[in-house]
Amino acid sequence: EAGVAQSPRYKIIEKRQSVAFWCNPISGHATLYWYQQILGQGPKLLIQFQNNGVVDDSQLPKDRFSAERLKGVDSTLKIQPAKLEDSAVYLCASSPESGEPRKLFFGSGTQLSVL
Amino acid sequence: DQQVKQNSPSLSVQEGRISILNCDYTNSMFDYFLWYKKYPAEGPTFLISISSIKDKNEDGRFTVFLNKSAKHLSLHIVPSQPGDSAVYFCAATSYPGTSYDKVIFGPGTSLSVIP
């Protein structure tokens with residue numbers, strides 16, 4: 001079974017530039033999550049999708065961050081414009097609808113450096 | 001407001017001995033707890049979980065203990081092996097559909113197992 005795919009693995013940009021991350025969840029997983037992990041901290045949930053609907057985006061800085069999940073499968077997370085404090089690893093995860101819905105499967109993440 | 005706490009940022013243990021990683025939580029609505037393991041440049045991987053109806057769950061060398069009255073859980077690794085060296089995240093959540101059903105992560109404990 002293929003895992004959660006994310007790209008790119010690394011991205012370096014200057015502040016005020018824009019950046020986008022892509023995620024392809026495990027096939028059949030209805031729920032998709034984007035987490036932000038700042039160095040030395042645990043992952044923090046940015047947004048949660050159930051199929052192609054948003055379940056929770058309460059911690060997403062909506063003035064600069066946006067996310068979409070087209071057709072309930074792939075998802076993209078965009079930052080525009082980026083700030084220095086956005087430097088972090090952006091993790092995508094997915095979980096099944098039944099069985100163990102709270103067991104998250106993570107991708108390898110995208111490490112973003114904002115200079 | 002940190003709802004999941006791991007007060008030891010790091011831990012060193014000799015190979016073959018027991019590793020004990022601790023986690024405390026503040027929200028009494030949490031009823032399901034997970035431990036994730038993370039190697040550098042990889043996403044977190046699920047290790048073991050426990051429901052609040054149990055006080056112990058075991059999987060091979062890994063055992064998680066839950067003390068609901070103290071809002072405390074611990075992960076025991078016996079015997080510890082060098083390959084266990086990683087960052088361990090404690091996470092908590094509540095039943096799907098409730099107000100606290102997003103998975104909240106602690107800041108992590110970096111475990112080093114010394115050969």
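Reading the values: rules and limits
Residues numbered from 1 in each chain as written. Chains lettered and ligands numbered in written order. Predicted model: local features only at pLDDT ≥ 70, side-chain atom pairs only at ≥ 80, totals over all residues. Heavy atoms only, no water. Helix = DSSP H or I, 4+ residues; strand = E, 2+ residues; numbered from the N terminus. Buried < 20%, exposed > 50% of the residue type's maximum accessible area, 1.4 Å probe, protein only. Disulfide = S-S within 2.5 Å. Pairing = 2+ DSSP bridges. Core = buried A, V, L, I, M, F, W, Y, C linked by side-chain atoms within 4.5 Å. Contact = heavy atoms within 4.5 Å. Axes fitted to C-alpha atoms, helices over the stretch in contact; angles between N-to-C directions. Patch = residues over 30% accessible without salt bridge, like charges linked within 9 Å, V, L, I, M, F, W, Y side chains within 5 Å. Areas by Shrake-Rupley, 256 points an atom, 1.4 Å probe, with all protein chains shown as cover. Salt bridge = Lys/Arg side-chain N within 4 Å of Asp/Glu carboxyl O. Buried area = accessible area lost by both parts, 1.4 Å probe. Polar contact = N/O pair within 3.5 Å; in protein donor to acceptor, adjacent residues only side chain to side chain. Nonpolar A, V, L, I, M, F, W, Y, C, P; charged D, E, K, R; others polar.

Asks: Give a description of the environment of A:L39 that names residues and reports values.
Replies: Residue and element names in this part refer to chain A. Looking at the element boundaries, L39 is found in the loop between strand 4 (31–37) and strand 5 (44–50). L39 gets classed as exposed once you look at its relative accessible area, which sits at 85%. For the pair L39 and A88, spaced 49 residues apart in sequence, the C-alpha separation works out to 6.6 Å.

Asks: Can you explain the state of the cysteines? Please cite residues and give values.
Replies: Residue and element names in this part refer to chain A. Enumeration according to the criterion identifies two disulfides over all chains in this entry. What pairs with C23 in a disulfide is C92, and their sulfur atoms sit 1.9 Å apart. Disulfide C23-C92: torsion about the S-S bond near -70°, hence left-handed. Taken together, the residues span a long stretch of sequence, with C23 in strand 3 (residues 19–24) and C92 in strand 9 (residues 88–95) at a distance of 69 residues. Owing to a relative accessible area of 0%, C92 belongs among the buried residues under this scheme.

Asks: Run through the environment of A:Y10, naming residues and quoting values.
Replies: With respect to the element layout, A:Y10 can be found in strand 2 (residues 10–13). Here the alpha-carbon distance between A:Y10 and A:A93, two residues 83 residues apart in the chain, equals 17 Å.

Asks: Report on the pairing of strand 3 of chain A, specifying residues and quantitative values.
Replies: Residues and elements named next belong to chain A. Side-chain alternation along strand 3 places V19, F21 and C23 on a buried face and A20, W22 and N24 on a face that remains uncovered. In the sheet, strand 1 (residues 5–7) pairs with strand 3 via three bridges, with the strands oriented antiparallel. Bridged to S7 within strand 3 is W22.

Asks: Tell me about the nonpolar core, residues and numbers included.
Replies: With 24 residues, the main nonpolar core has B:F33, B:W35, B:L73, B:L75 and B:Y88 as its most contacted residues. Of all elements in the fold, only strand 3 (19–25), strand 4 (32–38), strand 5 (45–51), strand 7 (62–67), strand 8 (72–77), strand 9 (86–93) and strand 11 (109–114) of chain B reach the threshold of two or more residues within this core. With four residues, the top contributor of residues to this core is strand 9 of chain B. Once residues lying within four places of it in the same chain are set aside, the contact partners of B:F33 are B:Y25, B:I48, B:S49, B:I50, B:L66, B:L73, B:A91 and B:A92. If you look at the next biggest cluster of nonpolar residues, it comprises 21 residues, including A:L46, A:F65, A:L112 and A:V114.

Asks: Explain the sheet that holds strand 7 (residues 65–69) of chain A residue by residue, including any values.
Replies: Residue and element names in this part refer to chain A. Taken together, four strands build an open sheet; the order of strands is 1-3-8-7 and the sheet is antiparallel. Each edge of the sheet is formed by a strand with only one pairing partner; in this case those strands are strand 1 and strand 7. Averaged over all adjacent pairs, the angle separating strand axes in this sheet is 15°, with direction ignored. Pairing analysis gives five bridges linking strand 3 to strand 8 (residues 75–79), with the strands arranged antiparallel. Within strand 8, the residue paired with C23 across the bridge is S75.

Asks: An account of a nonpolar patch on the surface is needed here, citing residue identities and associated values.
Replies: Residues and elements named next belong to chain B. On the surface, a nonpolar cluster with roughly 230 Å² of combined accessible area is contributed by I18, I20 and V78. With respect to the helices, strands and loops of the structure, I18 is situated in the loop between strand 2 (10–14) and strand 3. Assessed through its relative accessible area of 42%, I18 is described here as partly exposed.

Asks: Run through the interface of chain B and chain A, naming residues and quoting values.
Replies: Bring the parts together and some accessible area is lost; that lost area is often taken as the interface size. The partner chain A presents 22 residues to the 21 residues of chain B that form the contact. When chain B packs against chain A, close to 1600 Å² is buried across both sides, 57% of that on carbon and sulfur atoms. Among the salt bridges present, the one from A:D56 reaches B:K102, with a minimum N-O distance of 3.5 Å. Across the contact surface, chain B and chain A share six residue pairs in polar contact (both at pLDDT 80 or more). When contributions to the side of chain B that touches chain A are tallied by element, the ones reaching two or more residues are strand 4, strand 5 and strand 9 of chain B. Residues of the side of chain B that touches chain A, tallied by class, amount to twelve nonpolar, five polar and four charged.

Asks: I'd like to hear about unusual backbone geometry, residue by residue, with values.
Replies: Geometrically, the link from A:S7 to A:P8 is a cis peptide bond, its omega value of -10° lying close to zero. Mapped onto the elements of the fold, A:P8 is located in the loop between strand 1 and strand 2. The linkage connecting B:V78 with the following residue, B:P79, adopts the cis geometry, with an omega of -15°. Locating B:P79 in the fold gives a position in the loop between strand 8 and strand 9. For A:N51, which is not glycine, the phi dihedral falls at a positive 55°. Among the secondary structure elements, A:N51 is positioned in the loop between strand 5 and strand 6 (53–56). On the basis of relative accessible area, A:N51 is assigned to the partly exposed category, the value being 36%.

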